[in-house]
Each structure stands twice: as structure tokens, then as C-alpha cells.
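Residue strings, one per chain:
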Number of protein chains: 2
Amino acid sequence: MTSIVGWAHTRFGRLDDSLVDLIGHAAESALTHAELDGHDIDEVVVATYNAGLQPLAFPSSVPLERVPTLRGVPCIRVENACASGTAAIHHGIRSIESGRARQVLVIGAEKMTDRPAQQIGAALLGADLALAGSESTVGFAGLFGQVAAEYRGRYGLADDTLARIAHKAHRNALDNPWAQLHRELSVEFCATTSAANPVVAPPLRRTDCSPVSDGAAAVVLAADAAVPARCPRQVRVAGIGQASDFLDRSRRDLLEFAGARAAWGRALDEAGVRSPRHLDLIELHDCFTIAELVLYEALGLAANGRGVSVLDEGVVYADGPLPVNRSGGLKAKGHPVGATGVSQHVLCAMQLTGTAGAMQLPNPRLAGVFNMGGLAVANHATILGAVA
Amino acid sequence: MTSIVGWAHTRFGRLDDSLVDLIGHAAESALTHAELDGHDIDEVVVATYNAGLQPLAFPSSVPLERVPTLRGVPCIRVENACASGTAAIHHGIRSIESGRARQVLVIGAEKMTDRPAQQIGAALLGADLALAGSESTVGFAGLFGQVAAEYRGRYGLADDTLARIAHKAHRNALDNPWAQLHRELSVEFCATTSAANPVVAPPLRRTDCSPVSDGAAAVVLAADAAVPARCPRQVRVAGIGQASDFLDRSRRDLLEFAGARAAWGRALDEAGVRSPRHLDLIELHDCFTIAELVLYEALGLAANGRGVSVLDEGVVYADGPLPVNRSGGLKAKGHPVGATGVSQHVLCAMQLTGTAGAMQLPNPRLAGVFNMGGLAVANHATILGAVA
């Protein structure tokens, strides 16, 4: 069994820090938080997507440069598009379970905002096998726009459903000090096309899309048997699940996130959690509002076509029985690609240790993370549990 | 304990295949060679460096596209600069040792030759923390040129020492059907500057540098307990070792490959091999001839400054007691970055199963692989053993 025994999170947004700074800061801060130093670490895993955005293409060379006590420790990079962060944590868990490591430092980071919009768009398109290298101007928003259009055609989609998800994200991010966007947006604003909220890829508007972000997050994983007594805060990894899928537009049902469903099911099974309704919070991959809606269904919170029910019933709001993206999610917290999955784990760990500050939920015991790369191509899920 | 139960290797060189084709072909061929199909595979690991060379930046999405029976299987990418291939194999071994996978398919691939020289140079510079993004025109050759100059100043370096290493590589590659360069080069040619062999970064000449290459290689790993009886060829993983180092030019001795020494020592220890001289062959990372010379010393074949002795004594030639780079090495076999480490394992597996064709050595029992990223920054070593 593996535990998370320390973590760190930079502010997400448009930052002055370089990629090297972001990785370095997160690494140092997570070790400090765990009350460990580099000598206690057996392996380091770095998650970045990068895709040519930064000239440094060998990010696993960074942690040793910033934390000299890590010298000699094996470092690698793991990449799985927007799921790179959780993929890196899942690698670290395998290292611990293999007996090769007792403590593993995992850092997710991305530096995006210093590049021109066109380059960022091309880099993100690189996460789709069919679109990579194409001249598409709407990119992934176009793909998720197709999902939304398909959803509307098959099940119906009220004008304000996606707007309610965007509103929830922005509302939740207001008291998240690490979030990129601290601006309350009304459902009406999000539901209406205007100069300030243009259509990006019909029916998706700007308020349906996560922003371009810089940021980093890190966790220290430890084998239960080796958890240093001096680590003051601990969260247990109750289960993980991973499944990959292929996005064949001619054959795959765009609304069937089979890989997401499989990864999530495996994580719940491993954790012995019979229903996702038994969780106390979920951080899920809302790169676009429509992704959150479809994931309500793929993760088993609602029947297919009935995702809106968890909004109608108040289930997923901050004061509901199962808050989803209490942090603001990718949508409002920000989405520095390689950092996102690690950030989701950090936010859950804060909640489960009662250290989430103004965001704190009342005594949560079980949290779920769902992180995906591409349109449900790489799917990674983790169930975390409170210890004390 | 983990075994290698199947493998594949494309020709290395200037190929018509895309990155997607290379990954797909290697994946299919390795499964066929192992007499398995996608349903037998629990995880897939893809190694590429890429660094912006190809627009597809999410290569783990490829195997499922080409091998439909892999649908649902977890796929990730591992990157560790030029050591990405072995890093991916080491990830796969952890997955097996963790109990999460019984059979893992590992694919290393790189597509480089379709890009302009300047872009390739910039991508490779991305593997050095200090040089990434710089305007250097000599790139990594410049860095290894400094190593050679330092070596010459400290220990002396005869005019023909590096030339003898280049000559050996080209000679060895002549009967390797997968090698990029099938051209015998005399020691005299390699030791002399000419229009055909210009100085690239003093004292390194063109014949001291590995080429730009396309190619792919793959292996199927299996837990010993689960090795399917129908897999016709097996090689055991006797030990692995990994260590990272930081290249601080102002502090680190450029000739002290401490990380290489540490990784190699860990692999030998785990395999219970007391001396590298007990191995029957080694495939090591000769991105430049000077790297092979320094690695003779770091891997314990010769004392510091005495690497040339293993050439003088005939130890490392094809007909010597411990052939090094019988395949032609990176220098003549080619160096498609993400494929290189996997290729090293494949060439050793062929030797250990008596299937190396014209390259076959007489009854080898133990083989060593050493693969590095940057100037001995990421270091990965594996010891492989014959089974039958």
C-alpha cells in the first residue's frame, strides 16, 4: 500500500517562472512539506507534456539541479498527454509496489503562456493522432464541440447546462488561492454569446474552455511500511486504475468514454468502493464543460443522457453530498497540462487531511481523481483515503 | 524475475515510414515474434524523445490504433532523452514486479531524418539543461568534444584511439542487417581530417559521431511465473540499475561518469555478477567514440585513463573475450533516439538465444546493456542472461 506523505502546489496562471523554476520550486516545497530531504528519496518522476513548447526536452534532468541531495537518484519523465500527471503518480506507485523504491517524488509541471497562441494550439493538437500537424484553428475545442453537438442531438442539451458547470467551477475557484481565475461568472453570462464570451467551437463558448496556464504541483509517495514517522500528513492510495482507448471518429461513439469508465471502475474495485456515490469528493478532468457533463455519466454518477440530474439535485456543488471540482477544476483553477493530474491529487490530499483552508469540506474520508489525455484516450483514476 | 519473450527491430536509417508506422510495425512484429496477441498484454510503454521533431506528441495513443486487440490496455510514454528506450523497459519491469502486469509490450521509436538539420540540432540540444534553446551550432558534439579534449589533456589520446573505435563499429555493423551504415572505414580514414571526414567539434571528426536515424525496436516482457509456454524464445533480466546525475560544467569532472558507474554497479550487483569481465558481450552507448572510450573506464573494463588498453589487448573486438557493440553500436547501427535502448536489449537477446545470424557470438550466457541520456545524466543499465 502506498501513501502520499507530502505535497506542493504553485499558483496556476500566467507566471514569470520558467519550466525549470516551476519543477524546482515544486520539488523543494514538496520535500519540505513532507519533512524529508533528497537523501530520503529513491526515485523521481517528472510529468510534462511540452510537445515542443519549451526547448528543454529532458525535464527529468531538472530536479537534481535544484535539489543537490537528489544526486544519484533515478529520475525519469512520464508523458500521457493531459493525463501525464496521474500517469507519473501511477508510475511512482508501481516503483513502490515493486519494492525498488520506498519514497518517490513526483512533480508535474507545464510552462505554456510564454508562447504565441498559434504554437500553443499546435502543441495541444499534437495530442490527437488525426489532428497532429494539421492546420485546424479550433483544435481540441473543435473535437469537444463535436461531443457537445452529438450530446445535444441525442439527448438534448438545455441552453444553460454547460453554463451551470462553468458557473460552478468559477464559484468554487474563488476561495482556491492557487487558482488561475478568480472571477465569478453568472449562469446567464456563460449561457449567452457576446463579445466577452464568443463561440469557440459550436456549441462551446469561451466559458466552456479551460485556460492556458503555467504551474506545477508535486507529491511525495511512500510505502506504508516505510512511511517516516516524521511525515506529519498522510493520505492513503486506496486504488488506481488505468485504461487506454483509441479515438476512431468513424467507429467510436463520441459519447462513450469506455476507457474512462474502465479506468474508474478498476480504481473503485481496487479501493473496495462499491459506488462512486460513496466518495466524499471528486476532482475530474473538465478540460471543457462538456467533458464534465459526459464524465458524470461515465463515472457512474448519472445514467447516460442524464448528467444534468446531478446539477438539478445539487449533488456536485460545494455544499452537496459529492462535490465535483471543489478546487475550480481545470476550467477555473487552470490547466498547466503536465501539472494537472498531480494538482488533482494534491487538492484531494488537502481535503482529506483537513488542510484545504477556505475550500475545506466537512470531514471527507474518500476522494476520487479522474484525469484523461486526449478525448478519453489515456484514462487514469485514483481513489484516495483519509488516514487519521 | 522478468523475462524478455519476444522482440522486433526495424532497419535503422533514412526510412519512408512515419513515426506512427514505426511504432505500429514494431508493436505488431514483437507480438508475432512472442507468439502472443494484444489480449495477452497488460500494459504498453512507448519510448520516444521527439522534442518537437514530430507534431504527434502523444505517442502512447498509437499502439492501440495499430493493434486493435490492445484496446483498453494501459499505455504510457516514458522519456529520458537518449536513454528513453531503457527507461521504458525499466518501467515495464517495475510494472511486472509490482504485480500489476504479467506481460508488457515496450516499443522505442524515433523519426528524425525528415526534418531539416537545424531542427534536429535544436531538438538534440534540448537534452542539455544549459544548451537547450541556445544557438549552438555544434550541439552535443561540442560537449563530447570538450570531453575528448579534457581526456587528451589529462591522460593523452593517441591520434588513432577514437579512430580505432569508429573502425570497430563500422566493421561490426557490416553483417548487421538492421544497421544504418554498411561501409567499412579504415583506421587511417577515421584518424585523418579530410573533406569526407571534417572536424565537427575538435578533436571529434565526422567519423566520431553517430548518425541521424529513423527506426524502432520492441520487446515483450513477461513475469517468469506467467511466461506463456508458447513463447519460443526467452532471455532473463538478471539485474537493472539506474542513476541520474547533474551536469554542472563548473563543478563536475567531465570525465567522471559517476551516474554511469552507479547504474552499472547496481545492475551487476542485482545480477550477482562480480566483474564486468564475466559478461560475454556489452552493448553500450557510443553516441560519440569518446563516449565509448570513457565508458570502458566507467563500466570497469579499464582503469581511468587506460581505456585504450581494451583495444590494445583485443578484448572488445568481435573475436575478443568481451565484444563491445557487436551490433555496430549507435555509431554505425544508427541512433534513432527513443529506439536505441530497446535496440540494445534486442541485439543482446538475439545473441543470448543464438538468433543473431551472421553476428552470432559463440554461446554467450550474460550480456550487459548501458544506455545514457545527456552526458551521463540519465543512466540505465541492464544485465541479461541466457535461459536454455
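Check the entry above for the structure.
Residues numbered from 1 in each chain as written. Chains lettered and ligands numbered in written order. Predicted model: local features only at pLDDT ≥ 70, side-chain atom pairs only at ≥ 80, totals over all residues. Heavy atoms only, no water.

Peer 1: Tell me about the overall build of chain A, and please be specific about residues and values.
Peer 2: The helix and strand tally for chain A stands at twelve helices and eleven strands. Rg of the C-alpha trace for chain A: 19 Å, near the compact-globule value of 21 Å for 388 residues, within the 12% margin. If you line up chain A on its principal axes, its C-alpha atoms span 55 × 45 × 40 Å. Scored against the burial criterion, the 388 residues of chain A give a buried share of 67%. (Helix = DSSP H or I, 4+ residues; strand = E, 2+ residues; numbered from the N terminus. Rg over C-alpha atoms; globule rule 2.2 N^0.38 Å. Buried < 20%, exposed > 50% of the residue type's maximum accessible area, 1.4 Å probe, protein only.)

Peer 1: Lay out the pattern of salt bridges with the relevant residues and their values.
Peer 2: With the rule as written, the count across this model stands at 36 salt bridges over all chains. The shortest N-O distance in the salt bridge between R102 of chain B and D42 of chain B comes to 3.2 Å. Highlighted residues: R102 of chain B in the loop between helix 3 (84-97) and strand 4 (103-110) and D42 of chain B in the loop between helix 1 (19-34) and strand 2 (43-47), separated in sequence by 60 residues. Among the salt bridges present, the one from R326 of chain B reaches D175 of chain B, with a minimum N-O distance of 2.9 Å. Here D175 of chain B lies in the loop between helix 6 (161-173) and helix 7 (187-191) and R326 of chain B lies in the loop between helix 10 (309-312) and helix 11 (329-333), a separation of 151 residues in the sequence. Looking at D175 of chain B, the relative accessible area reads 28%, which means it is partly exposed. It is possible to trace a salt-bridge network through shared partners that takes in D21, E65 and R66 of chain A. (Salt bridge = Lys/Arg side-chain N within 4 Å of Asp/Glu carboxyl O.)

Peer 1: Mind laying out the environment of K168 of chain B, listing which residues take part and the relevant values?
Peer 2: Residues and elements named next belong to chain B. Position of K168 relative to the elements: it lies in helix 6. Looking at K168, the relative accessible area reads 2%, which means it is buried. Taking C-alpha positions, K168 is 9.5 Å from G329, a pair spaced 161 residues apart along the chain. Once you skip the residues sitting within four places of it in the chain, K168 turns out to touch E292, Y296, V316, Y317, V324 and N325. (Contact = heavy atoms within 4.5 Å.)

Peer 1: Go over the interface of chain B and chain A, please, and point to the residues and values.
Peer 2: Taken together, the contact pairs 53 residues of chain B with 53 residues of chain A. Of the roughly 4,200 Å² buried between chain B and chain A, counting both surfaces, carbon and sulfur atoms make up 57%. The largest contributions to the chain B side of the interface with chain A come from F58, R94 and R100 of chain B, which together make up 17% of the buried area. The residue E97 of chain A makes a salt bridge to R100 of chain B at a minimum N-O spacing of 2.7 Å. Our enumeration of links across chain B and chain A arrives at 26 residue pairs in polar contact (both at pLDDT 80 or more). Contributing elements (two or more residues each) for the side of chain B that touches chain A: helix 2 (62-66), strand 3 (75-79), helix 3, strand 8 (235-244), helix 8 (258-271) and strand 11 (378-386) of chain B. Along the lines of polarity and charge, the residues of the side of chain B that touches chain A split into 25 nonpolar, 15 polar and 13 charged. By the bridge criterion, three bridges tie strand 3 (residues 75-79) of chain A to strand 3 of chain B in an arrangement that is antiparallel. The partner of E79 of chain A across the bridge, within strand 3 of chain B, is R77 of chain B. (Buried area = accessible area lost by both parts, 1.4 Å probe. Polar contact = N/O pair within 3.5 Å; in protein donor to acceptor, adjacent residues only side chain to side chain. Nonpolar A, V, L, I, M, F, W, Y, C, P; charged D, E, K, R; others polar. Pairing = 2+ DSSP bridges.)

Without other data, these values stay purely geometric and don't point to any function.
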